[in-house]
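Here's the letter readout for the chains.
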2 protein chains.
Amino acid sequence: MSVTHPAGFVAAGAAVGIKSTGKKDLALVVNQGPRHDSASVFTANRCKANPVLWSEQVVKDGVVKAVVLNSGGANCYTGPEGFQTTHAVAEKVADAVGIGAVDVVVCSTGLIGLTNDRQLLLDGVGAVHARLSPDGGPDAAEAIMTTDSVAKQVVVQRDGWSIGGMAKGAGMLAPQLATMLVVLTTDAVVPAPQLDTALRASTRVSFDRLDSDGCMSTNDTVTVLASGASGVTPTAEEFTAALSEACTDLARQLLADAEGASHEIAITTINAASEDDAVEVGRSVARSNLFKAAVFGNDPNWGRVLASIGTTSAAFDPADLDVAMNDVWVCRQSTPAADPTTVDLTPRHVTVTIDLKVGAASATVWTNDLTHAYVHENSAYSS
Amino acid sequence: MSVTHPAGFVAAGAAVGIKSTGKKDLALVVNQGPRHDSASVFTANRCKANPVLWSEQVVKDGVVKAVVLNSGGANCYTGPEGFQTTHAVAEKVADAVGIGAVDVVVCSTGLIGLTNDRQLLLDGVGAVHARLSPDGGPDAAEAIMTTDSVAKQVVVQRDGWSIGGMAKGAGMLAPQLATMLVVLTTDAVVPAPQLDTALRASTRVSFDRLDSDGCMSTNDTVTVLASGASGVTPTAEEFTAALSEACTDLARQLLADAEGASHEIAITTINAASEDDAVEVGRSVARSNLFKAAVFGNDPNWGRVLASIGTTSAAFDPADLDVAMNDVWVCRQSTPAADPTTVDLTPRHVTVTIDLKVGAASATVWTNDLTHAYVHENSAYSS
């Protein structure tokens, strides 16, 4: 399942003692080829974690043969010492697998500002390597969980080839990558440059449109590995469509498991002058604490939607905006329309539709509500 | 006191039935001259309330003779009907005072998207006009409260002249004016152009640096009226200093009364390449829900500070940032320094100091923590 569903991949997950809880905390995914094409995108945060600084160099040549991921510590803001730990882990994986360290992507997740125990990680690499298996996907997906309540996996099957994926992420979900680690695998034949184009097109409409709490992470990494083991070469359109499907599925799983959320909110902006405008408007609403608190309270407070739209640079007439919540048009021409009390916000899934009435572009941004549980989980996370 | 402390001003506040609670809900401030200089700044939100659309036109000639303010309804997103209500209120005030409607600033605050009862407001203007008095400042300050728990007033006394002020605002506090209504008065002789320069300089370093919840209001208005009744003409420096003092005092009062907050957080960025950089960095931290939730939990989570700094375009070296919380330098060179457990975050006042180490500019941005009470108040506000 998941990353080991496509042919050519083995994976494993194990508990090696990084997490004090004794849960699985180290994962390894290895591409056995025959091809080793790869593409990756990373957080846009300028303060990046050490594994990101390492991996950004590794992926430049389009060749990645293994991805090692640990939970229980982000190895972020840990200085040169932390970078050396990342490097040592890559070398250890390379030795075990029989490849070069420059072909090993390293990902870490967990608390920021804590130094990971290097020896524990190095010993752990041996343990997890010993368990590598064509059925290891689910264990790997479990080993990258932090505050996630469930493991996130996906399989997209096509005729003769497939895509598998796993993801972790439950908070700090924000733009230019929601906070998360994602590994995608495929046995299709897709040379690295095409893989890169497909990955960027897919993340742009999936992870990049997830904005759970407006906070951008330091460790975000999405890596796709292509083994070519199926021998099938899909068209660029076919492959991008399948990869987008996999990414969107994982993004929705992240949203569904966001820390403390009681609603999943899809904000769709229609008739915008451009897709960028539609995304900017959706994101502004997704970042309004007042709007998100109102949804938590099952209050269809469309005034807070308009107040958010007004902070953007998108093209629209402030006096001619329509807003629907769960398909009830509570605001027409920027004035009250349907009775808001007819909007039932008790179901977990909420839709907001914003009609800018100036063009033909549209986009959907996903977010969660702002809840007592979010405040609780994030006020107590490191203590 | 407050707006009636300087010579030349009368004010009143009364309960006229707009608020269902029977509390004071209409305020009037009249400048009796001999001069009627004024300056105003308004919300940067593109979706503005009707009173803002009206008042933006009124203030253009630098002459304002009266300000009428109601709580109990923002008259925002209420369309042409709402604009006509604002216009009718201005005309009624003008008739009662014996001035032109084009010299009457109108401010409204309360729920967005609800139509105010025009007749109630017009009758109310008569009632509040009948109570105008040189001692009416406190009543006026009370009449503009919404979710405020206390009235906000200020007096800055100088030799022979003074500044008075009142403010309302307790949520939706964000940049380019925290959500609020503010009326400032002075009996100094300050021609309108100089008043405008002084007001913009003062709001830039006070209200504009308050970012309680990242949400920008639709009704923000700050108006200063100068009667010249003292006959004293302070220098531009003297007047701007006094006005900044008044604005900063009111801004701190707004922060102290922010909805549901349990901490007041001053984020000071030092050694920035520019003041804009320092403000951008401070604001990014002030908008991090994760950081604000951590402060609520008394958790000195400096990693979340760095993660926020990394989202800005300010000049800095990601590997060389220092961060102190309550003067304990918990992060040096972007790595752990002093033991975070030595930081006591139980007091209400918290300071965060960020050293960018690239220049000589600095700025302080104020915010609050993200609490259960904030979520509660804003999930239940309109219901």
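Being a predicted model, the structure only gives us computed values, none of them experimental.

### Quick look at the overall build of chain A
When its secondary structure is counted, chain A shows ten helices and 15 strands. In terms of overall size, chain A behaves like a compact globule, its C-alpha atoms giving a radius of gyration of 21 Å where 383 residues would be expected to give roughly 21 Å. For chain A, the spread of C-alpha atoms along the three principal axes comes to 65 × 50 × 35 Å. For chain A, buried positions account for 61% of its 383 residues. Long-range pairs, those at least 24 residues apart, make up 80% of the contacts in chain A between residues at least 6 apart in sequence.

### Some thoughts on the pattern of salt bridges
Using the criterion set out here, one finds 32 salt bridges over all chains in the structure. Lys65(A) is the partner of Asp103(A) in a salt bridge, and the nearest nitrogen-oxygen pair spans 3.9 Å. On the criterion of sequence distance, the pair formed by Asp103(A) in the loop between α2 (79-97) and β5 (104-108) and Lys65(A) in the loop between α1 (50-58) and β4 (66-70) is long-range, its members being 38 residues apart. With a relative accessible area of 24%, Lys65(A) lands in the partly exposed category. Among the ionic pairs, Arg204(B) bridges to Glu275(B), the shortest N-O distance being 2.5 Å. Remark: Glu275(B) occurs in helix α7 (residues 275-286) and Arg204(B) occurs in helix α5 (residues 192-204); sequence separation between them is 71 residues.

### Topic: the interface of chain B and chain A
Taken residue by residue, the interface counts 49 residues in chain B and 49 residues in chain A. Summed over both partners, the interface of chain B with chain A comes to about 4000 Å²; 61% of that surface belongs to carbon and sulfur atoms. On the chain B side of the contact with chain A, Arg46(B), Tyr77(B) and Leu290(B) bury the most area, a combined 18% of that side's loss. The interface formed by chain B and chain A includes zero salt bridges. For the side of chain B that touches chain A, the secondary-structure elements that each account for two or more residues are α8 (289-296), α9 (302-309), β13 (335-336) and α10 (372-380) of chain B. Looking at the side of chain B that touches chain A element by element, the count peaks at six residues for α10(B). When its residues are assigned to classes, the side of chain B that touches chain A shows 23 nonpolar, 22 polar and four charged.

### What about the domain arrangement of chain A?
How big an interface is tends to be reported as the loss of accessible area on association of its parts. All names here are of chain A. Each domain of chain A was delimited in the assignment, giving domain 1 (2-256) and domain 2 (264-379). Computed over C-alpha atoms, the centres of domain 1 and domain 2 are 33 Å apart. Taken together, the 16 residues of domain 1 in the interface contact 16 residues of domain 2. When domain 1 packs against domain 2, the two sides together hide about 1400 Å² of surface, and 41% of this comes from carbon and sulfur. Broken down residue by residue, the surface that domain 1 buries against domain 2 is led by Arg209, Asp211 and Leu255, which jointly contribute 46%.

### Observations concerning helix α6 (residues 236-256) of chain A
Compared with the 30 Å implied by 1.5 Å per residue over 21 residues, the 30 Å span of α6(A) between its first and last C-alpha is a close match. Burial in α6(A) covers these residues: Phe239(A), Ala242(A), Leu243(A), Ser244(A), Ala246(A), Cys247(A), Leu250(A), Ala251(A), Leu254(A) and Leu255(A).

### Re the side chain of Asp25(B)
All names here are of chain B. By the secondary structure assignment, Asp25 is in the loop between β1 (9-14) and β2 (26-31). For Asp25, which is buried and forms no salt bridge, the nearest opposite charge comes from Lys19, at a distance of 6.5 Å. Polar side-chain contacts of Asp25 include one of 2.7 Å to the backbone nitrogen of Ile18. Look past the residues within four positions of Asp25 in its chain and what remains in contact with it is Ala14, Ala15, Val16, Gly17, Ile18, Lys19, Leu69, Asn70, Ser71 and Ala143.

### Notes on the sheet that holds strand β5 (residues 104-108) of chain B
Residue and element names in this part refer to chain B. The four strands are arranged β1-β2-β4-β5 in an open sheet whose pairing can be described as mixed. Strands with a single pairing partner mark the edges of an open sheet, and in this sheet they are β1 and β5. Each neighbouring strand pair of the sheet contributes to a mean axis angle of 10°, computed without reference to strand direction. Two elements, strand β4 (residues 66-70) and β5, share five bridges in a ladder whose sense is parallel. Considered in β5, the bridge of Val68 is made with Val106. Seen against the sheet, helix α2 (residues 79-97) touches β2, β4 and β5 and runs at an angle of roughly 130° to β5.

Reading the values: the criteria
- Position numbers for residues count from 1 along each chain, tracking the sequence in the order it is written.
- The order in which chains are written sets their letters, starting at A; the order in which ligands are written sets their numbers, starting at 1.
- Local features are withheld for residues below a pLDDT of 70 in this predicted model, meaning they are given only at 70 or higher, and side-chain atom pairs are given and counted only at 80 or more; totals for whole chains, interfaces and linings count all residues.
- Values shown for side chains rest on all heavy atoms present in the structure; no hydrogens or waters enter the calculation.
- Helix and strand labels come from DSSP, where a helix needs a run of H or I of at least four residues and a strand needs a run of E of at least two; each type is numbered from the N terminus.
- All radius of gyration figures rest on C-alpha atoms, and the globule criterion is 2.2 Å times the number of residues raised to 0.38.
- Burial status follows relative accessibility: with a 1.4 Å probe on protein chains alone, a residue under 20% of its type maximum counts as buried, one over 50% as exposed, and anything between as partly exposed.
- Here, residues are in contact when the closest pair of their heavy atoms is within 4.5 Å.
- Just to be clear on terms, a salt bridge is a Lys or Arg side-chain nitrogen sitting within 4 Å of an Asp or Glu carboxyl oxygen.
- We define buried area as the total accessible area lost by two parts upon association, computed with a 1.4 Å probe and summed across both.
- Polar here means any residue outside two lists: the nonpolar Ala, Val, Leu, Ile, Met, Phe, Trp, Tyr, Cys and Pro, and the charged Asp, Glu, Lys and Arg; Gly therefore counts as polar.
- Domain start and stop points were drawn from an automatic or database domain assignment.
- Expected span of a helix, by definition, is 1.5 Å for each gap between consecutive residues, and there is one gap fewer than residues.
- This count recognises Lys and Arg as positive and Asp and Glu as negative, with His and chain-terminal groups excluded.
- Any pair of nitrogen or oxygen atoms within 3.5 Å is treated as a polar contact; in protein, a donor-acceptor pairing is required on top of that, and neighbouring residues in sequence qualify only through side-chain atoms on both sides.
- Strand pairing follows a simple DSSP-based rule, namely that at least 2 bridges must link the two strands.
- To define axes, lines are fitted to C-alpha atoms, for helices over the stretch in contact only, and angles between the resulting N-to-C directions are given on a 0 to 180 degree scale.

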